[in-house]
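# Chain and residue survey
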Amino acid sequence: MKIFNDLHINMAAGSAGSYIFRKILIWIPVIVMYIVIFGFSGQNGEQSGGLSRKVANIVIDMAQDIHIISIEDDEKDVYIEKLQFPIRKTAHMTEYAILGMLVYTALLTDGIAAEIGTLAAVIITFLLACTDEFHQLYVPGRAGKFTDVLIDTTGCIIGMAIYYFIYKGIKSRRAADN
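Presented here is a report on the structure given in the accompanying data block.

Below, the discussion takes up the packing of helix 4 (residues 114-136) against helix 5 (residues 146-177). The geometry of helix 4 relative to helix 5 is characterised by a closest axis approach of 9 Å and an angle of 150° between their N-to-C directions. In terms of their interaxial angle, helix 4 and helix 5 are classed as roughly antiparallel. In this structure, the crossing between helix 4 and helix 5 has a hand that is right-handed. Here Thr118, Ala121, Val122, Thr125, Phe126, Ala129, Cys130 and Glu133 of helix 4 come into contact with helix 5, specifically with Phe146, Asp148, Val149, Asp152, Thr153, Cys156, Ile157 and Met160. Its residues placed into classes, the contact of helix 4 with helix 5 shows 10 nonpolar, 3 polar and 3 charged.

Structure (structure tokens):
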């Protein structure tokens, strides 16, 4: 009987340990995504501008290759300059859409109700965006802006909408199959 009691205690301790491990594991994708965002925000103004310039150049080259646009080489720099701002802001929104979906998934997996989880995910992502913009105040050539916090939060809300429509699509498909 004593052996059984000891085994039961060890199994319970193992269960508690694996429960805590699962709780931590749920949040690892959120942490990794925020580290990626924080890393991009840590780039100085020149590095950040260079990255968005490269992306703009690729977009223009692709558009020319599939004959959407036709521009001369001497005009290319003007188009690159015009594209950098929307590319940068779209990247912000995309990063925070992904972050918002990851936070929401972690909250749901943690047992938070969907309605509360939605609001909590937006609030958490908003606060993370605030810390990111605060961080940028100390990066040379960068500026922390509240408008960027709003853009990031909008990205989160768009991510939550995408999540919702994917969920509804899966749910209706399952209902149709039954």
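Mapped onto the elements, Lys76 comes out in helix 3 (residues 73-109). For Lys76, the residues in contact, after removing those within four places along its chain, are Asn57, Ile60, Asp61 and Ile71.

Here we come to a nonpolar patch on the surface. Where nonpolar side chains cluster on the molecular surface, the patch consists of Tyr19, Ile20, Phe21, Ile24, Leu25, Ile28, Val32, Val36, Phe40, Leu51, Val55 and Val59 and spans about 1000 Å² of accessible area. Secondary structure elements with two or more residues in the nonpolar patch: helix 1 (2-41) and helix 2 (45-65). A per-element tally of the nonpolar patch places helix 1 first, with 9 residues. Among the secondary structure elements, Phe21 is positioned in helix 1.

A few words now on a negative patch on the surface. Negative charge collects at one region of the surface, where Glu72, Asp73, Asp74 and Glu75 lie side by side. Looking at the element boundaries, Glu72 is found in the loop between helix 2 and helix 3.

Within the secondary structure layout, Tyr34 lies in helix 1. By relative accessible area, which is 14% here, Tyr34 ends up buried. Considered as a pair, Tyr34 and Ala129 are 95 residues apart in the sequence and their alpha carbons are 9.5 Å apart.

All right, on to the packing of aromatic side chains then. What describes a pair of aromatic rings is the distance from one ring centre to the other and the angle between the planes of the rings. Under the defined criterion, the tally for this structure stands at 5 aromatic pairs. Plain terms: the ring middles of Tyr104 and Tyr163 are 4.9 Å apart, the flat faces sit at 90° to each other, and that makes the pair edge-to-face. Placement of the pair is Tyr104 in helix 3 and Tyr163 in helix 5, with a sequence separation of 59 residues. For Tyr104, a relative accessible area of 9% gives the class buried. With relative accessibility at 23%, the residue Tyr163 sits in the partly exposed group. On the numbers, 5.4 Å between centres and 70° between planes, the contact of Phe134 with Tyr138 is edge-to-face. Relative accessible area serves as the criterion here: at 48%, Phe134 is assigned to the partly exposed category.

Here the focus is the pattern of salt bridges. With the rule as written, the count across this model stands at 5 salt bridges. Asp110 serves as the salt-bridge partner of Lys23, at 2.9 Å between the closest nitrogen and oxygen. Linking Lys23 in helix 1 with Asp110 in the loop between helix 3 and helix 4, this pair joins segments that are 87 residues apart in sequence. Asp148 serves as the salt-bridge partner of Lys89, at 2.7 Å between the closest nitrogen and oxygen. Note that Lys89 is positioned in helix 3 and Asp148 in helix 5, a separation of 59 residues in sequence. With respect to burial, Lys89 and Asp148 carry one shared label: buried. Connected via shared salt-bridge partners are Arg53, Asp77 and Glu81.

Cut-offs applied
Residues numbered from 1 in each chain as written. Predicted model: local features only at pLDDT ≥ 70, side-chain atom pairs only at ≥ 80, totals over all residues. Heavy atoms only, no water. Axes fitted to C-alpha atoms, helices over the stretch in contact; angles between N-to-C directions. Helix = DSSP H or I, 4+ residues; strand = E, 2+ residues; numbered from the N terminus. Parallel < 35°, antiparallel > 145°, perpendicular 65-115°, else oblique. Left-handed = near helix turned anticlockwise from the far one by under 90°. Contact = heavy atoms within 4.5 Å. Nonpolar A, V, L, I, M, F, W, Y, C, P; charged D, E, K, R; others polar. Patch = residues over 30% accessible without salt bridge, like charges linked within 9 Å, V, L, I, M, F, W, Y side chains within 5 Å. Areas by Shrake-Rupley, 256 points an atom, 1.4 Å probe, with all protein chains shown as cover. Salt bridge = Lys/Arg side-chain N within 4 Å of Asp/Glu carboxyl O. Lys, Arg positive; Asp, Glu negative; His and termini not counted. Charge placed at Lys NZ, Arg CZ, Asp CG, Glu CD. Buried < 20%, exposed > 50% of the residue type's maximum accessible area, 1.4 Å probe, protein only. Phe/Tyr/Trp six-rings, centres within 6.5 Å; stacked < 30°, edge-to-face > 60°.

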